[in-house]
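# Structure assessment
Okay, here's what each chain looks like letter by letter:
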Amino acid sequence: MLTAAGTTSTTATTTATAALTTAAPALAATTRTVAADGSAQYRTVQAAVDASAAGDTVSIAKGTYREVLNVPTAKTGLTITGATGNAEDVVITYDNASGTRKPDGTTYGTRGSATATFAANNLTVTGVTLQNTWLRAEHPEITDTQAVAVTAQGDRQLFRNVRIIGHQDTLLTYAPNATGQYRQYFRNSFISGDVDFLFGNATAVFDRVNITLRDRGAAAGGNNGYLAAPNTSSAKKYGMLITGSTISSPAQANTFSLGRPWHPTDDAVGQLVIRNTALPAAIRVAAPWTDFGTFPWRSARFHEYANTGPGATVNANRPQLTAAQAGEYTAAAYLAGTDGWNPTG
């Protein structure tokens, strides 16, 4: 600012200098290192997460980490990464099921069974394996056999180059507020399971993901399981999208359903589009969608578009998007939300 005489105002200069002097310096993000053998700062992933501030990075050395991991909402902007870049090198694993008893005698329940729970917004997870190894055959006394590997329950969460492995209810994409904005993006990753193993009410996109339908031993035409069980709120346009992906299976032909609409609340009307994706012979070609209890699949929002492979066809039991509709059901459209988030580039 200039005075009438054309010289710099002393008051303005003093004020600006004071502001620069008293402004708090930006805090630099910190990388916390983890190694099971004790060669890093922390031996467990949870200890590194607990020590981290928002925006920090947790770098995990090659190894197997038997632990239950929880990333709470306060750890906004956290990055969790495998140090080698190979997801098979860094394995976070546990084996609780819904019906597993805690020390106090109660059971964990489905969400409580998760090996890893990610509640923080703006989270990135890359280069790791997250698995739940609980097996039905080893626990015939347990009837609640849901065993979650990952619960994703934040907004703007990015999972890239990860392996998520389980059997029933492998991956829960969860919106704590059913009508709130919770977006999760899974890209260039691997996911496996057998019963309802992609499930939940968040907005979740699976882009260029390899998905394996695990064989439970059913004969051809029998029932091995269900790929997805969304319970999207009817107030939301977007639930789940599988796009540009490959679904494979060693199971017999016509033994897997693409999905069924989980209906735990009155407003749950599952939404799922599977598009531009290769489908295996294990998919029930004639009728790949099925009811969930008394809630009919035709009341849900299930569609396909331009799928390929032996499990793909078009008939009256396989609703298809039109070309015009397909333009509204892309990864970018699902994830844009109210802030234009676009991690797809």
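For clarity, every value in this text was computed on a predicted model and none was experimentally measured.

Cut-offs applied
- Residues numbered from 1 in each chain as written.
- Predicted model: local features only at pLDDT ≥ 70, side-chain atom pairs only at ≥ 80, totals over all residues.
- Heavy atoms only, no water.
- Helix = DSSP H or I, 4+ residues; strand = E, 2+ residues; numbered from the N terminus.
- Buried < 20%, exposed > 50% of the residue type's maximum accessible area, 1.4 Å probe, protein only.
- Contact = heavy atoms within 4.5 Å.
- Areas by Shrake-Rupley, 256 points an atom, 1.4 Å probe, with all protein chains shown as cover.
- Lys, Arg positive; Asp, Glu negative; His and termini not counted.
- Charge placed at Lys NZ, Arg CZ, Asp CG, Glu CD.
- Pairing = 2+ DSSP bridges.
- Axes fitted to C-alpha atoms, helices over the stretch in contact; angles between N-to-C directions.
- Core = buried A, V, L, I, M, F, W, Y, C linked by side-chain atoms within 4.5 Å.
- pLDDT = per-residue confidence, 0-100.
- Polar contact = N/O pair within 3.5 Å; in protein donor to acceptor, adjacent residues only side chain to side chain.

### Remarks on the overall build of the chain
Counting its regular elements, the chain contains five helices and 24 strands. Seen along its three principal axes, the alpha-carbon backbone of the chain occupies a region of about 90 × 55 × 35 Å. Within the chain, buried positions represent 50% of all 345 residues. For the chain, restricting intrachain contacts to residue pairs at least 6 apart in sequence, the fraction spanning at least 24 positions comes to 70%. When the accessible area of the chain is evaluated, it comes to approximately 14600 Å², of which 52% is carbon and sulfur surface. If you average the places of the 25 positive and of the 23 negative side-chain charges in the chain, the two averages end up 4 Å apart.

### Focus: the sheet that holds strand β14 (residues 183-187)
In space, the 10 strands of this open sheet follow the order β1-β2-β5-β8-β11-β14-β17-β20-β23-β24, with parallel pairing throughout. Unpaired on one side and paired on the other, β1 (31-34) and β24 (301-305) mark the two borders of the sheet. Within this sheet the neighbouring strands show an average axis-to-axis angle of 10°, counted without direction. With four bridges joining them, strand β2 (residues 57-60) and strand β5 (residues 79-82) adopt parallel strand pairing. Paired with Thr57 across the strands is Thr79, a residue of β5.

### Digging into the nonpolar core
Core analysis: the largest hydrophobic core is formed by 55 residues, its most contacted members being Ile60, Phe118, Leu198 and Leu227. In terms of residues, this core owes the most to one element, helix α2 (residues 45-51), which gives three residues. Setting aside residues no more than four positions away along its own chain, Leu198 makes contact with Leu171, Ile191, Phe206, Ile211, Leu227, Ala228, Ala229, Met240 and Ile242. By size, the runner-up hydrophobic cluster in this structure holds 13 residues, among which are Tyr185, Leu241, Val273 and Tyr334.

### Overview of unusual backbone geometry
In this structure, Asn188 is a non-glycine residue whose phi angle is positive, near 50°. On the secondary structure map, Asn188 appears in the loop between β14 and β15 (190-193). What makes Asn188 partly exposed here is its relative accessible area of 38%.

### Points about the sheet that holds strand β18 (residues 210-213)
An order of β3-β6-β9-β12-β15-β18-β21 is seen for the seven strands of this open sheet, with the pairing classed as parallel. Of all strands in the sheet, those bounded by a partner on one side alone are β3 (63-66) and β21 (246-248). Across the sheet, the mean angle separating the axes of adjacent strands is 15° when strand polarity is ignored. With four bridges connecting them, β3 and strand β6 (residues 90-94) associate as parallel partners. Across the sheet, Tyr65 pairs through a bridge with Ile92, a residue of β6.

### Quick look at the confidence of the model for the chain
Predicted coordinates in areas of low pLDDT are best not read in detail. On average, residues of the chain score 93 in pLDDT, and 92% of them reach the 70 mark or higher. Element-level pLDDT for the chain is lowest in helix α1 (residues 10-22), with a mean of 39, against a maximum mean of 99 in strand β12 (residues 163-165). When the criterion is pLDDT under 50, residues 1-25 qualifies, and its contacts beyond four places in sequence or with other chains add up to eight contacts.

### Here's the deal with the side chain of Asn132
Checked against the element boundaries, Asn132 lands in strand β9 (residues 129-132). For Asn132, a relative accessible area of 2% puts it in the buried group. For Asn132, the side chain forms a polar contact with the main-chain oxygen of Asn96, separated by 2.9 Å. A polar atom in the side chain of Asn132 sits 2.9 Å from the backbone oxygen of Val148. Excluding its chain neighbours within four sequence positions, the residues that come into contact with Asn132 are Tyr94, Asp95, Asn96, Ser113, Thr115, Ala147, Val148, Ala149, Ile165 and Gly166.

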